[in-house]
Amino acid sequence: MTKLLALVTLALGVVLGSVMGLAAPQGAVAASVPAQGVRTAPVLGGPQDVLPTRLLVQRALEDRVVALTNAQRRAHGCSALRQVSYLRTSARGHTVTMALKNVMSHQLPGEPRFSVRITRAGYTNWRLVAENVARGFSGPSAVVRAWMASPGHRRNILNCRLRDIGVGVVLKDGQLWWTQNFGRR
């Protein structure tokens, strides 16, 4: 178990270092493994059910997008957004769907509008919702920079009436897919 935890820690350091621009642990060697579709569901089993590294990395990337988004909001006079699990569920679900269909859009064929997706994920009784989507950016800093450079996405990020956020990120075939869902109840 100690060797497994050391390996998970090393892998997490390498992945976070390459995606988030952090230094990799000393002696770390990055390995390249071709992606085999989208994987977001936990793989649990064994005596202690160790949380898979990819879920730790996914959450770290999502949390970093929230932190960078909140830094932009504070710099422009808005309060920080609060992470809400229902919005994260909605964002992750939509991100998986986009990646599987290899199409970036707020509404894919056969899929409900984002406001309905958000409600179905459990974020109910809302007064205002918004969504940003992206694909192909190398990490949280790059995607938030791109959204801030786009008038519509920037408007969502800097909408001071919004109070809540959920972010989803998925890696498929070497490409990161991103969704931000915003809301106010």
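Just above, that's the structure.
Residues numbered from 1 in each chain as written. Predicted model: local features only at pLDDT ≥ 70, side-chain atom pairs only at ≥ 80, totals over all residues. Heavy atoms only, no water.

A.B. asks: How should I be thinking about the pairing of strand β2 (residues 128–135) in this particular structure?
C.D. replies: Every regular strand shows the same layout, with side chains that alternate between the two sheet faces. Counting buried positions along β2 yields six of eight residues, so the element is predominantly enclosed. For β2 and strand β4 (residues 175–184), the ladder comprises eight bridges, and the chain directions are antiparallel. Opposite Ala-130, over in β4, you have Phe-182 as the bridge partner. (Buried < 20%, exposed > 50% of the residue type's maximum accessible area, 1.4 Å probe, protein only. Helix = DSSP H or I, 4+ residues; strand = E, 2+ residues; numbered from the N terminus. Pairing = 2+ DSSP bridges.)

A.B. asks: I keep staring at the state of the cysteines and nothing clicks. Help me out?
C.D. replies: On inspection of all chains with the given rule, the structure shows one disulfide. Residue Cys-78 pairs covalently with Cys-160 via a disulfide, S to S 1.8 Å. Here Cys-78 and Cys-160 share a disulfide; its torsion about the S-S bond, -70°, makes the bridge left-handed. With Cys-78 in the loop between α2 (53–75) and β1 (82–83) and Cys-160 in the loop between α6 (151–157) and β3 (164–172), the pair connects residues that are 82 residues apart, well separated along the chain. (Disulfide = S-S within 2.5 Å.)

A.B. asks: Looking at this structure, I do not really get the environment of Thr-69. What am I missing?
C.D. replies: Here Thr-69 shows up in helix α2. Between the alpha carbons of Thr-69 and Val-144 there is a distance of 6.8 Å; along the sequence they are 75 residues apart.

Function cannot be inferred from these measures alone, as they are strictly geometric.
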